[in-house]
Amino acid sequence: MRSFIFAALVLNCSQLFAQNYPKLLQKGKYEKAWKNCHKQLVKDPNNIEALYFSTFISISPKSNDLFNPFKGHEYFQRLNDNFSALRDVKTLERLADIPITSLSIKKLQDSMYYNGLVYAQKIKTEEVYIEYLNLFTKAPDTLRLQARSEEHTSELQSRVDI
């Protein structure tokens with residue numbers, strides 16, 4: 001009986017914990033949400049909710065020092081792989097309540113591509129544009145062309161500065 005109560009408590013706490021990510025982010029508490037995500041990822045590296053929100057935080061310019069879409073790409077790859085492999089209907093329904101769905105993951109991916117370019121523009125080095133182009137091979141052509149153009153501009157600028 002005690003183990004049943006404990007299991008029910010743990011299950012309820014984990015569901016409550018997952019629902020706190022959006023609330024923390026709405027309050028601008030990116031650092032706290034980030035720490036919570038990583039606690040979950042230590043326990044379960046394939047935790048879809050933690051991967052989703054780690055990606056979200058990494059690609060959000062509002063996350064300040066945590067803003068790094070290149071790192072977010074790593075989380076996104078794992079998120080996408082795990083979500084694509086998911087077949088359990090109850091888990092999919094629970095994730096949809098958050099909402100984590102194929103549509104929200106696609107929107108997250110689009111934001112990652114766009115904010116990846118914003119990140120590269122912030123750093124403005126030839127190397128960061130090359131990294132953008134190498135990481136985000138499926139980004140829309142307009143973003144990739146802009147990154148390529150800015151890569152050449154930063155390359156020319158570095159030659160002028162020498």
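Everything in this summary refers to the structure shown in the same document.

Conventions we followed
Residues numbered from 1 in each chain as written. Predicted model: local features only at pLDDT ≥ 70, side-chain atom pairs only at ≥ 80, totals over all residues. Heavy atoms only, no water. Helix = DSSP H or I, 4+ residues; strand = E, 2+ residues; numbered from the N terminus. Buried < 20%, exposed > 50% of the residue type's maximum accessible area, 1.4 Å probe, protein only. Contact = heavy atoms within 4.5 Å. Areas by Shrake-Rupley, 256 points an atom, 1.4 Å probe, with all protein chains shown as cover. Phe/Tyr/Trp six-rings, centres within 6.5 Å; stacked < 30°, edge-to-face > 60°. Polar contact = N/O pair within 3.5 Å; in protein donor to acceptor, adjacent residues only side chain to side chain. Patch = residues over 30% accessible without salt bridge, like charges linked within 9 Å, V, L, I, M, F, W, Y side chains within 5 Å. Salt bridge = Lys/Arg side-chain N within 4 Å of Asp/Glu carboxyl O. Lys, Arg positive; Asp, Glu negative; His and termini not counted. Charge placed at Lys NZ, Arg CZ, Asp CG, Glu CD.

## Quick notes on the overall build of the chain
Next up, step 1: Tallying secondary structure elements over the chain gives eight helices and zero strands in all.
Next up, step 2: Put simply, the chain runs from its N terminus to its C terminus through helices and strands in the order α-α-α-α-α-α-α-α.
Next up, step 3: For the chain, the proportion of its 162 residues judged to be buried stands at 39%.
Next up, step 4: When contacts within the chain are restricted to residue pairs at least 6 apart in sequence, long-range pairs at least 24 apart make up 58% of them.
Next up, step 5: Surface accessibility of the chain: about 10,200 Å² in total, with carbon and sulfur atoms responsible for 55%.

## Some details on the packing of aromatic side chains
Two aromatic rings, taken as a pair, are described by how far apart their centres are and by the angle between their planes.
Next up, step 1: Tallied over the full model, the rule gives eight aromatic pairs.
Next up, step 2: Arranged with centres 5.8 Å apart and planes meeting at 75°, the rings of Tyr 113 and Phe 136 form a pair that is edge-to-face. Within this pair, whereas Tyr 113 is found in helix H6 (residues 102–123), its partner Phe 136 is found in the loop between helix H7 (126–135) and helix H8 (141–161), the two being separated by 23 residues in sequence. Grouping residues by exposure puts Tyr 113 and Phe 136 together as buried.

## Remarks on unusual backbone geometry
Next up, step 1: Following Ile 98, the chain continues to Pro 99 via a peptide bond in cis, the omega torsion being 0°.
Next up, step 2: As for its position among the elements, Pro 99 is in the loop between helix H5 (89–96) and H6.
Next up, step 3: The phi angle at Asn 64 is positive, at roughly 55°, despite the residue not being glycine.
Next up, step 4: Structurally, Asn 64 can be placed in the loop between helix H3 (48–59) and helix H4 (69–85).

## Structural notes on the side chain of Gln 109
Next up, step 1: The topology assignment puts Gln 109 in helix H6.
Next up, step 2: Separated by 2.7 Å, the side chains of Gln 109 and Tyr 113 make a polar contact.

## Describing a positive patch on the surface
Next up, step 1: Residues Lys 23, Lys 27, Lys 29, Lys 32, Lys 35, Lys 39 and Lys 43 make up a contiguous surface patch of positive charge.
Next up, step 2: Per element, the largest residue contribution to the positive patch is four residues, and it comes from helix H2 (residues 30–43).
Next up, step 3: Along the chain, Lys 35 falls in helix H2.

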